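Observations on the three-dimensional arrangement
Listed here are the chains, written in short residue letters.
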Amino acid sequence: MNTTEFNTSGRVAGKVVLISGAAQGMGASHARVLAAAGARAVIGDLQQEAGTALARELNNSLGRTAAHFVKLDVTSFEDWTAAVGAAVDIFGKLDVLVNNAGIYTPGNVEEASIEDWNRTIDIDLTGTFLGMKAAVPALRRAQSSSIINVSSIAGLTGFKNRAAYAAAKWGVQGLTKTSAMDLGPDGIRVNSIHPGSVETPLTAGLKRGFGQVPAGRAAQAEEISSLVLYLASDESRFVSGAAIAIDGGETAGNNLRQDS
Ligand SMILES: NC(=O)c1ccc[n+]([C@@H]2O[C@H](COP(=O)([O-])OP(=O)(O)OC[C@H]3O[C@@H](n4cnc5c(N)ncnc54)[C@H](O)[C@@H]3O)[C@@H](O)[C@H]2O)c1
(Lines give C-alpha, C1' and ligand atoms only; values in the text may rest on other atoms or scores of the structure.)
Protein backbone atom coordinates (compact mmCIF):
# COMPACT_ATOMS: atom_id res chain seq x y z
CA MET A 1 0.00 0.00 0.00
CA ASN A 2 1.20 3.47 -0.84
CA THR A 3 0.89 6.42 1.55
CA THR A 4 -0.80 8.44 -1.17
CA GLU A 5 -3.79 6.06 -0.96
CA PHE A 6 -4.69 7.58 2.40
CA ASN A 7 -6.70 10.78 2.29
CA THR A 8 -4.74 12.37 5.09
CA SER A 9 -4.52 15.97 4.00
CA GLY A 10 -4.39 18.41 6.89
CA ARG A 11 -5.33 16.02 9.70
CA VAL A 12 -2.27 17.05 11.70
CA ALA A 13 -1.63 20.38 9.99
CA GLY A 14 0.61 22.63 12.09
CA LYS A 15 1.57 19.92 14.57
CA VAL A 16 5.19 19.21 15.43
CA VAL A 17 6.00 15.55 16.05
CA LEU A 18 9.12 13.83 17.36
CA ILE A 19 9.49 10.19 16.34
CA SER A 20 12.21 7.92 17.71
CA GLY A 21 13.65 5.14 15.54
CA ALA A 22 12.31 6.88 12.45
CA ALA A 23 15.13 6.19 9.98
CA GLN A 24 13.57 2.92 8.78
CA GLY A 25 10.67 0.53 9.26
CA MET A 26 7.51 1.68 10.98
CA GLY A 27 9.06 4.88 12.32
CA ALA A 28 9.97 6.03 8.80
CA SER A 29 6.45 5.23 7.67
CA HIS A 30 4.99 7.25 10.55
CA ALA A 31 7.19 10.20 9.55
CA ARG A 32 6.05 9.98 5.92
CA VAL A 33 2.34 9.70 6.78
CA LEU A 34 2.37 12.44 9.45
CA ALA A 35 4.36 14.83 7.24
CA ALA A 36 2.02 14.15 4.30
CA ALA A 37 -0.89 15.00 6.63
CA GLY A 38 0.57 18.42 7.42
CA ALA A 39 2.90 17.83 10.38
CA ARG A 40 6.51 18.85 10.77
CA ALA A 41 8.55 15.89 11.92
CA VAL A 42 11.73 15.53 13.91
CA ILE A 43 13.23 12.20 12.91
CA GLY A 44 15.36 10.74 15.69
CA ASP A 45 17.53 7.68 15.18
CA LEU A 46 20.99 6.19 15.58
CA GLN A 47 21.21 5.85 11.79
CA GLN A 48 22.38 9.24 10.60
CA GLU A 49 22.63 8.50 6.88
CA ALA A 50 19.19 6.92 6.48
CA GLY A 51 17.56 9.50 8.77
CA THR A 52 19.08 12.45 6.93
CA ALA A 53 18.07 10.95 3.58
CA LEU A 54 14.47 10.54 4.76
CA ALA A 55 14.30 14.15 5.99
CA ARG A 56 15.67 15.35 2.63
CA GLU A 57 13.17 13.16 0.74
CA LEU A 58 10.23 14.60 2.71
CA ASN A 59 11.40 18.20 2.35
CA ASN A 60 11.84 17.76 -1.41
CA SER A 61 8.62 15.88 -2.04
CA LEU A 62 6.45 18.17 0.09
CA GLY A 63 8.18 21.40 -0.99
CA ARG A 64 8.53 22.76 2.55
CA THR A 65 10.63 22.16 5.67
CA ALA A 66 8.59 19.17 6.76
CA ALA A 67 11.30 17.17 8.52
CA HIS A 68 14.58 17.45 10.36
CA PHE A 69 16.91 14.63 11.42
CA VAL A 70 18.53 14.46 14.85
CA LYS A 71 20.95 11.80 16.06
CA LEU A 72 19.15 10.15 18.95
CA ASP A 73 20.10 7.20 21.12
CA VAL A 74 16.95 6.64 23.16
CA THR A 75 18.98 5.34 26.11
CA SER A 76 20.59 8.78 26.51
CA PHE A 77 18.64 11.48 28.35
CA GLU A 78 21.06 14.06 26.95
CA ASP A 79 20.18 13.00 23.40
CA TRP A 80 16.48 13.20 24.20
CA THR A 81 16.86 16.69 25.67
CA ALA A 82 18.67 17.78 22.50
CA ALA A 83 15.99 16.22 20.27
CA VAL A 84 13.17 18.03 22.10
CA GLY A 85 15.29 21.22 21.97
CA ALA A 86 15.66 20.81 18.19
CA ALA A 87 11.88 20.51 17.76
CA VAL A 88 11.31 23.70 19.75
CA ASP A 89 14.20 25.64 18.18
CA ILE A 90 13.49 24.66 14.57
CA PHE A 91 9.71 24.26 14.53
CA GLY A 92 8.73 26.37 17.55
CA LYS A 93 7.06 23.74 19.75
CA LEU A 94 6.34 20.04 20.30
CA ASP A 95 2.81 18.58 20.10
CA VAL A 96 3.34 14.84 19.64
CA LEU A 97 5.91 12.29 20.82
CA VAL A 98 6.01 8.86 19.15
CA ASN A 99 8.17 6.49 21.19
CA ASN A 100 8.78 4.01 18.39
CA ALA A 101 12.45 2.92 18.62
CA GLY A 102 12.80 -0.65 19.76
CA ILE A 103 14.76 -3.84 19.38
CA TYR A 104 13.69 -7.45 19.61
CA THR A 105 15.68 -10.16 21.36
CA PRO A 106 14.53 -13.80 21.56
CA GLY A 107 14.76 -16.37 24.33
CA ASN A 108 12.93 -17.62 27.39
CA VAL A 109 14.27 -16.84 30.87
CA GLU A 110 16.84 -19.64 30.66
CA GLU A 111 18.09 -18.84 27.18
CA ALA A 112 17.99 -15.04 27.14
CA SER A 113 21.38 -13.63 28.06
CA ILE A 114 21.59 -11.07 30.86
CA GLU A 115 23.19 -8.72 28.34
CA ASP A 116 20.23 -9.06 25.93
CA TRP A 117 17.80 -8.58 28.83
CA ASN A 118 19.51 -5.36 29.91
CA ARG A 119 19.80 -4.01 26.35
CA THR A 120 16.14 -4.74 25.57
CA ILE A 121 14.87 -3.15 28.78
CA ASP A 122 17.21 -0.16 28.24
CA ILE A 123 16.04 0.59 24.70
CA ASP A 124 12.40 -0.57 24.67
CA LEU A 125 11.31 0.47 28.18
CA THR A 126 13.82 2.94 29.66
CA GLY A 127 14.08 4.66 26.26
CA THR A 128 10.32 5.27 26.36
CA PHE A 129 10.51 6.63 29.91
CA LEU A 130 13.39 8.97 29.02
CA GLY A 131 11.56 10.24 25.93
CA MET A 132 8.50 11.11 27.96
CA LYS A 133 10.59 12.66 30.72
CA ALA A 134 12.37 14.94 28.23
CA ALA A 135 9.26 15.82 26.20
CA VAL A 136 6.63 16.47 28.88
CA PRO A 137 7.63 20.09 29.68
CA ALA A 138 7.32 21.05 25.98
CA LEU A 139 4.16 18.96 25.49
CA ARG A 140 2.57 20.69 28.49
CA ARG A 141 3.03 24.04 26.74
CA ALA A 142 1.26 22.82 23.56
CA GLN A 143 -2.48 23.29 23.02
CA SER A 144 -3.39 19.64 22.63
CA SER A 145 -0.67 17.07 22.90
CA SER A 146 -0.31 13.35 22.51
CA ILE A 147 2.22 10.67 23.45
CA ILE A 148 2.06 7.47 21.43
CA ASN A 149 4.07 4.61 22.91
CA VAL A 150 4.76 1.69 20.60
CA SER A 151 4.38 -1.58 22.47
CA SER A 152 3.49 -4.89 20.77
CA ILE A 153 1.00 -7.72 21.08
CA ALA A 154 3.81 -9.17 23.24
CA GLY A 155 2.79 -6.39 25.66
CA LEU A 156 -0.87 -7.48 25.63
CA THR A 157 -0.71 -11.29 26.02
CA GLY A 158 1.85 -13.92 26.94
CA PHE A 159 4.24 -14.57 24.09
CA LYS A 160 6.53 -17.61 23.86
CA ASN A 161 10.28 -17.16 23.63
CA ARG A 162 10.38 -13.42 24.27
CA ALA A 163 11.15 -12.95 27.98
CA ALA A 164 12.96 -9.61 27.73
CA TYR A 165 10.89 -8.21 24.86
CA ALA A 166 7.55 -9.11 26.47
CA ALA A 167 8.64 -7.70 29.85
CA ALA A 168 9.72 -4.44 28.21
CA LYS A 169 6.57 -4.13 26.10
CA TRP A 170 4.27 -4.89 29.07
CA GLY A 171 6.25 -2.25 30.95
CA VAL A 172 5.46 0.23 28.18
CA GLN A 173 1.74 -0.50 28.62
CA GLY A 174 1.95 0.09 32.39
CA LEU A 175 3.98 3.27 32.01
CA THR A 176 1.42 4.49 29.48
CA LYS A 177 -1.63 3.94 31.69
CA THR A 178 0.06 5.49 34.73
CA SER A 179 1.20 8.51 32.71
CA ALA A 180 -2.25 8.99 31.16
CA MET A 181 -3.52 9.51 34.70
CA ASP A 182 -0.62 11.73 35.76
CA LEU A 183 -0.56 13.92 32.63
CA GLY A 184 -4.26 14.09 31.75
CA PRO A 185 -4.82 17.24 33.84
CA ASP A 186 -2.05 18.93 31.79
CA GLY A 187 -3.89 18.20 28.53
CA ILE A 188 -1.46 15.46 27.48
CA ARG A 189 -2.99 12.23 26.19
CA VAL A 190 -0.94 9.05 26.51
CA ASN A 191 -1.78 5.83 24.65
CA SER A 192 0.02 2.62 23.73
CA ILE A 193 -0.34 0.81 20.44
CA HIS A 194 0.20 -2.92 20.11
CA PRO A 195 1.04 -4.04 16.58
CA GLY A 196 0.98 -7.72 15.62
CA SER A 197 3.19 -8.89 12.77
CA VAL A 198 4.36 -6.03 10.56
CA GLU A 199 6.68 -6.28 7.58
CA THR A 200 9.76 -4.23 8.46
CA PRO A 201 13.54 -4.78 8.52
CA LEU A 202 13.10 -5.96 12.16
CA THR A 203 11.01 -8.95 11.12
CA ALA A 204 12.64 -9.64 7.75
CA GLY A 205 14.64 -12.60 9.07
CA LEU A 206 11.90 -14.14 11.25
CA LYS A 207 10.11 -17.33 10.21
CA ARG A 208 6.45 -16.73 11.01
CA GLY A 209 3.21 -18.44 10.09
CA PHE A 210 -0.03 -16.50 9.98
CA GLY A 211 -2.54 -19.22 10.96
CA GLN A 212 -2.95 -17.49 14.33
CA VAL A 213 -3.94 -14.24 12.61
CA PRO A 214 -7.59 -14.00 11.48
CA ALA A 215 -6.49 -11.58 8.76
CA GLY A 216 -4.09 -14.30 7.57
CA ARG A 217 -1.18 -11.98 6.89
CA ALA A 218 1.29 -9.47 8.30
CA ALA A 219 0.55 -5.74 8.17
CA GLN A 220 2.32 -3.21 6.01
CA ALA A 221 3.92 -0.40 8.03
CA GLU A 222 1.50 2.16 6.57
CA GLU A 223 -1.42 0.30 8.12
CA ILE A 224 0.07 0.98 11.57
CA SER A 225 0.81 4.60 10.63
CA SER A 226 -2.89 5.24 10.09
CA LEU A 227 -3.49 4.54 13.80
CA VAL A 228 -0.54 6.75 14.76
CA LEU A 229 -2.03 9.50 12.59
CA TYR A 230 -5.39 9.20 14.36
CA LEU A 231 -3.76 9.32 17.82
CA ALA A 232 -1.58 12.27 16.81
CA SER A 233 -4.58 14.22 15.49
CA ASP A 234 -7.24 16.00 17.53
CA GLU A 235 -9.78 13.45 16.23
CA SER A 236 -8.63 11.29 19.18
CA ARG A 237 -8.88 14.10 21.73
CA PHE A 238 -10.90 11.98 24.22
CA VAL A 239 -8.72 8.87 23.83
CA SER A 240 -6.18 8.47 26.62
CA GLY A 241 -4.81 5.57 28.63
CA ALA A 242 -5.88 3.13 25.93
CA ALA A 243 -3.89 0.06 24.89
CA ILE A 244 -4.91 -0.40 21.27
CA ALA A 245 -4.26 -3.70 19.48
CA ILE A 246 -3.59 -3.39 15.75
CA ASP A 247 -2.97 -6.99 14.85
CA GLY A 248 -5.43 -8.31 12.25
CA GLY A 249 -7.38 -9.93 15.11
CA GLU A 250 -4.45 -11.96 16.45
CA THR A 251 -5.20 -11.28 20.13
CA ALA A 252 -9.00 -11.53 19.76
CA GLY A 253 -8.98 -15.22 20.72
CA ASN A 254 -7.63 -18.62 19.71
CA ASN A 255 -7.78 -18.58 15.93
CA LEU A 256 -6.31 -22.11 15.71
CA ARG A 257 -9.07 -23.85 17.69
CA GLN A 258 -11.14 -25.98 15.33
CA ASP A 259 -14.22 -27.10 17.38
CA SER A 260 -17.35 -27.86 15.35
N1 LIG B 1 7.79 -5.26 13.07
C2 LIG B 1 6.91 -5.83 13.89
O3 LIG B 1 6.32 -6.87 13.56
C4 LIG B 1 6.60 -5.21 15.23
C5 LIG B 1 5.49 -5.69 15.94
C6 LIG B 1 5.14 -5.12 17.16
C7 LIG B 1 5.88 -4.05 17.64
N8 LIG B 1 6.95 -3.59 16.95
C9 LIG B 1 7.67 -2.44 17.51
O10 LIG B 1 7.59 -1.37 16.60
C11 LIG B 1 8.74 -0.53 16.74
C12 LIG B 1 9.39 -0.33 15.38
O13 LIG B 1 9.77 -1.59 14.89
P14 LIG B 1 10.24 -1.86 13.39
O15 LIG B 1 9.72 -3.20 13.04
O16 LIG B 1 9.95 -0.70 12.52
O17 LIG B 1 11.81 -1.99 13.66
P18 LIG B 1 13.10 -1.63 12.76
O19 LIG B 1 14.22 -2.45 13.31
O20 LIG B 1 12.78 -1.74 11.30
O21 LIG B 1 13.34 -0.09 13.11
C22 LIG B 1 13.71 0.30 14.40
C23 LIG B 1 14.45 1.62 14.31
O24 LIG B 1 14.84 1.95 15.66
C25 LIG B 1 16.18 2.40 15.63
N26 LIG B 1 16.82 2.19 16.93
C27 LIG B 1 17.22 1.03 17.49
N28 LIG B 1 17.82 1.26 18.67
C29 LIG B 1 17.78 2.60 18.86
C30 LIG B 1 18.23 3.46 19.88
N31 LIG B 1 18.90 2.98 20.96
N32 LIG B 1 18.02 4.79 19.77
C33 LIG B 1 17.38 5.28 18.67
N34 LIG B 1 16.93 4.53 17.65
C35 LIG B 1 17.14 3.20 17.75
C36 LIG B 1 16.85 1.62 14.51
O37 LIG B 1 18.03 2.28 14.04
C38 LIG B 1 15.72 1.55 13.47
O39 LIG B 1 15.78 2.65 12.58
C40 LIG B 1 9.63 -1.22 17.77
O41 LIG B 1 9.40 -0.65 19.04
C42 LIG B 1 9.15 -2.66 17.74
O43 LIG B 1 9.39 -3.34 18.95
C44 LIG B 1 7.34 -4.15 15.76
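On to the nonpolar core. The biggest cluster of nonpolar side chains holds 60 residues, and the ones touching the most others in it are Val17, Leu18, Ala31, Leu34, Ala41 and Ile43. Once residues within four sequence positions are removed from consideration, Ala31 is found in contact with Ile19, Ala22, Ala41, Ile43, Leu54, Leu58 and Ala67. By size, the runner-up hydrophobic cluster in this structure holds 12 residues, among which are Ile153, Leu156, Val172 and Leu175.

So, about helix α5 (residues 163-183). The first and last C-alpha atoms of α5 sit 30 Å apart over 21 residues, in line with the 30 Å expected at 1.5 Å per residue. On its buried face, α5 is in contact with α4 (114-141), β5 (145-150), β6 (188-195) and β9 (243-246).

What follows deals with the packing of helix α1 (residues 25-36) against helix α6 (residues 221-232). Relative orientation and spacing of two packed helices are given, respectively, by the angle between their axes and the distance between those axes. Contact pair α1 / α6: the axes reach a minimum separation of 9 Å and the direction vectors enclose 55°. With respect to each other, α1 and α6 are oriented oblique. The element α1 and its partner α6 pack so that their crossing is right-handed. Mapping the contact onto sequence places Gly25, Met26, Ser29, His30, Val33 and Leu34 in α1 and Ala221, Glu222, Ile224, Ser225, Val228, Leu229 and Ala232 in α6. Its residues placed into classes, the contact of α1 with α6 shows eight nonpolar, four polar and one charged.

Before going further, it helps to spend a moment on the site of the ligand. Among the 29 residues in the neighbourhood of the ligand, the closest are listed as Gly21, Gly25, Gly102, Thr200 and Leu202. It is α1 that contributes the most residues to the shell around the ligand, three residues altogether. Its residues assigned to classes, the shell around the ligand shows 14 nonpolar, 13 polar and two charged.

Let us look at the environment of Ile224. When you line up the elements, Ile224 lands in helix α6. The sequence separation of Ile224 and Arg140 amounts to 84 residues, and the corresponding C-alpha distance is 26 Å. Ignoring anything within four residues of it in the chain, the contact list for Ile224 reads Met26, Pro195, Val198, Ala219 and Ile246.

Quick look at the pairing of β6 now. With eight of its eight residues buried, β6 lies for the most part within the structure. Covered by surrounding structure in β6 are Ile188, Val190, Ser192 and His194 together with Arg189, Asn191, Ile193 and Pro195, the residues of both alternating faces. Relative to β6, β5 runs parallel, the two sharing six bridges. Paired with Val150 across the bridge in β6 is Ile193. At this point the chain moves from β5, through α5, to the parallel β6, and the crossover so formed is right-handed. Note that β6 and β9 share four bridges and pair parallel. Looking at β9, one finds that Ser192 is bridged to Ala243.

For the rest of this paragraph, the subject is the pairing of strand β2 (residues 40-45). Counting buried residues along β2, six of its six residues qualify, which places the element largely inside the surrounding structure. Neither face of β2 is exposed, since Arg40, Val42 and Gly44 on one face and Ala41, Ile43 and Asp45 on the opposite face are all buried. Judged from the five bridges that link them, strand β1 (residues 16-20) and β2 form a sheet pairing that is parallel. Its bridge partner being in β2, Ile19 is matched across the sheet by Ile43. Regarding topology, α1 serves as the crossover connection from β1 to the parallel β2, and that connection is right-handed. Pairing between β2 and strand β3 (residues 67-71): five bridges, direction parallel. In the sheet register, Ala41 faces β3, and the bridge partner there is Ala67. Note on the crossover from β2 through helix α2 (residues 48-62) to β3: the handedness is right-handed.

Attention now moves to the confidence of the model for the protein chain. The predicted model of the protein chain averages 95 in pLDDT, with 97% of residues at 70 or higher. Here residues 1-6 scores under 50 on pLDDT; set against residues more than four positions off or in separate chains, the count is nine contacts.

Basis of the calculations
- Residues numbered from 1 in each chain as written.
- Predicted model: local features only at pLDDT ≥ 70, side-chain atom pairs only at ≥ 80, totals over all residues.
- Core = buried A, V, L, I, M, F, W, Y, C linked by C-beta atoms within 7 Å.
- Buried ≥ 20, exposed ≤ 12 C-beta atoms within 10 Å, placed from the backbone.
- Contact = placed C-beta atoms within 7 Å.
- Helix = DSSP H or I, 4+ residues; strand = E, 2+ residues; numbered from the N terminus.
- Expected span 1.5 Å × (residues − 1).
- Axes fitted to C-alpha atoms, helices over the stretch in contact; angles between N-to-C directions.
- Parallel < 35°, antiparallel > 145°, perpendicular 65-115°, else oblique.
- Left-handed = near helix turned anticlockwise from the far one by under 90°.
- Nonpolar A, V, L, I, M, F, W, Y, C, P; charged D, E, K, R; others polar.
- Near = placed C-beta within 6 Å.
- Pairing = 2+ DSSP bridges.
- Right-handed = clockwise from strand over helix to strand, strands pointing away.
- pLDDT = per-residue confidence, 0-100.

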